Amino acid sequence: MTTAHQSLRVLLWTSTAKTTLVADLTGRFTALEFSTALHGGFKDCHLAVPMPMQDAWLWLNRENLPGHHFHHLGILEATRTVWEGRVMDVTLVSNAGFLGIDAVAMGYWSSMRDQYYDADDAGNTNWQTAGPHNAGKIIREMVTNECPDINGTLDIDLNSRDIVGINLTDRNYPQDIIVDKLAPLSDSDGKLYFFGVWEDRKPSWKARAADRVDWYVWLRDIRQARYVQQAVHLRNRILPVVGTAEGTGTTDAESTADYPLRELKLSLPAGLPTAAANDARDAALKERKFPAQDQAFIIDGRVYSTEVGPQTGPSAGALVERSKWWIRAGDVLRIQDLVPASVSTPKLDDLRTFFILETRYDAITDVLTVQPDRPPSRLGALLARISLLEKNK
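Source: prediction; values computed, not measured. (Residues numbered from 1 in each chain as written. Predicted model: local features only at pLDDT ≥ 70, side-chain atom pairs only at ≥ 80, totals over all residues. Heavy atoms only, no water.)

Chemist: What is the right way to read the pattern of salt bridges from this model?
Modeler: Pairing between side chains becomes possible if they bear opposite charge and their charged atoms approach one another. As enumerated under the stated definition, the model contains 22 salt bridges in all. Here Asp157 and Lys206 are joined by a salt bridge, their closest N and O atoms 2.8 Å apart. Pair noted here: Asp157 is in the loop between β8 (155-156) and α3 (174-182) and Lys206 is in strand β10 (residues 203-207), with a separation of 49 residues, a long-range link. Close ionic contact of Arg220 with Asp221 constitutes a salt bridge, the shortest N to O distance being 4.0 Å. Judged by relative accessible area, which is 62%, Arg220 ranks as exposed. Here the salt bridges do not stand alone but share partners, grouping Glu33, Asp44 and Arg360 into one network. (Salt bridge = Lys/Arg side-chain N within 4 Å of Asp/Glu carboxyl O. Helix = DSSP H or I, 4+ residues; strand = E, 2+ residues; numbered from the N terminus. Buried < 20%, exposed > 50% of the residue type's maximum accessible area, 1.4 Å probe, protein only.)

In structure tokens, the structure reads:
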């Protein structure tokens, strides 16, 4: 293991309270990969650790002893949380070259498929009446009432668009409600929102950033870079369908002037008011009307962020090199020397400035794979895949 990775600590605790340390795996692992995603936050982690048979045996469920399933796995850099989640799968490996365990942990987003939510249950809100209601308010209630492993300190923005009338009486997992019913909605200002569970199991529901750059990288630090603009998912006419009722479709004239008419039905939850349905329609049209970047790339060189703090004078705003594992889904990354040569203000430009949808870091090779949120025309497929994190290893 090289010096770059020795600052990563890997600790296993019996629970989120972190009162009982089960194992300190720092420096012992032979494989360590972890990822982030939106929606989701901390996504999955793969860990391989050689150990004697008697120690490996303790990780497994045996003779009425629970093993280490659902134990809290934390990856830290000093006191900074790099990744955390629950141990879900454990494999005892014994072969000529390795004896030990191979484990998969999932971030606490996966715990939002532990219990169901139904607006009709006692103590929950009937979102079809009264109001005003909004997506952030619904998420707060689901997390508080049905997600005990999620931190009660909520970083959930309250959207401005009233969605009173939305029907959430079909019993479903909070994770699926967020992905299938709330995430496709936009706010009245056209912003799209993403959900994640981050440090200390704290949930976040925030609009996609479009006015900042968090990370800077140069082409020399990118391996296997291919910048592919796909048109196969381009759609320039969107028809909102609320439940089974068709709403009013709209067409983008700028797109249809250059490209064929390509239509899409946007499925929205039953009971959604017309204004909210039209917001979602307009946001979907804005996101899908042009070909856009759709290619993951690998960073094996250096990454930089802007220095923050009380600096003044020439050093203010200087770029500072950081560890690759600091980069996560929800951040904005810019490739500095990819055309155009200069941009006066941060902008998601479909070419060199990206909102990051997924990351995966390999601690052994010290490489980071980045999946841009381009194009959002793939968003439906991506969200469906990400919503099944427990099955997507």
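Chemist: I tried to follow unusual backbone geometry on my own but got confused; where do I start?
Modeler: Both trends apply: most residues other than glycine have a negative phi, and most peptide bonds are in trans. The omega torsion of the bond from Leu38 to His39 falls at 5°, within 30 degrees of zero and hence cis. Along the polypeptide, His39 turns up in the loop between β3 (31-37) and β4 (40-50). For the peptide bond that leads from Gly131 to Pro132, omega is 0°, which places it in the cis range. Counting through the fold element by element, Pro132 comes out in the loop between β7 (98-106) and α2 (135-146). Of note, Asp200 is a non-glycine position whose phi angle comes to about 55°, a positive value. Phi angles above zero are rare outside glycine, and Arg201 is one such case at about 60°. Among the residues examined, Arg201 registers a relative accessible area of 16% and is labelled buried.

Chemist: I'm lost on the nonpolar core in this one. Help?
Modeler: A general trend in soluble globular proteins is that nonpolar side chains are found buried together. Of all hydrophobic cores here, the largest spans 56 residues; its most connected members are Leu8, Leu32, Phe34, Leu73, Ile75, Ile299 and Leu333. The leading source of residues in this core is strand β23 (residues 353-362), at 5 residues. Among the nonpolar cores identified, the runner-up in size contains 36 residues, and Met112, Met142, Val143 and Val179 belong to it. (Core = buried A, V, L, I, M, F, W, Y, C linked by side-chain atoms within 4.5 Å.)

Chemist: Would you take a moment to explain the confidence of the model for the chain for this structure?
Modeler: A low pLDDT score tells you not to read the predicted coordinates there in detail. Across the chain, the average pLDDT comes to 87, with 87% of residues at or above 70. Per-residue pLDDT, averaged within each element of the chain, yields its smallest value for helix α6 (residues 379-386) (40) and its largest for strand β16 (residues 250-251) (97). Per-residue pLDDT stays below 50 along residues 309-316; that stretch engages in 1 contact with residues further than four places along the chain or on separate chains. Here residues 375-393 scores under 50 on pLDDT; set against residues more than four positions off or in separate chains, the count is 49 contacts. (pLDDT = per-residue confidence, 0-100. Contact = heavy atoms within 4.5 Å.)

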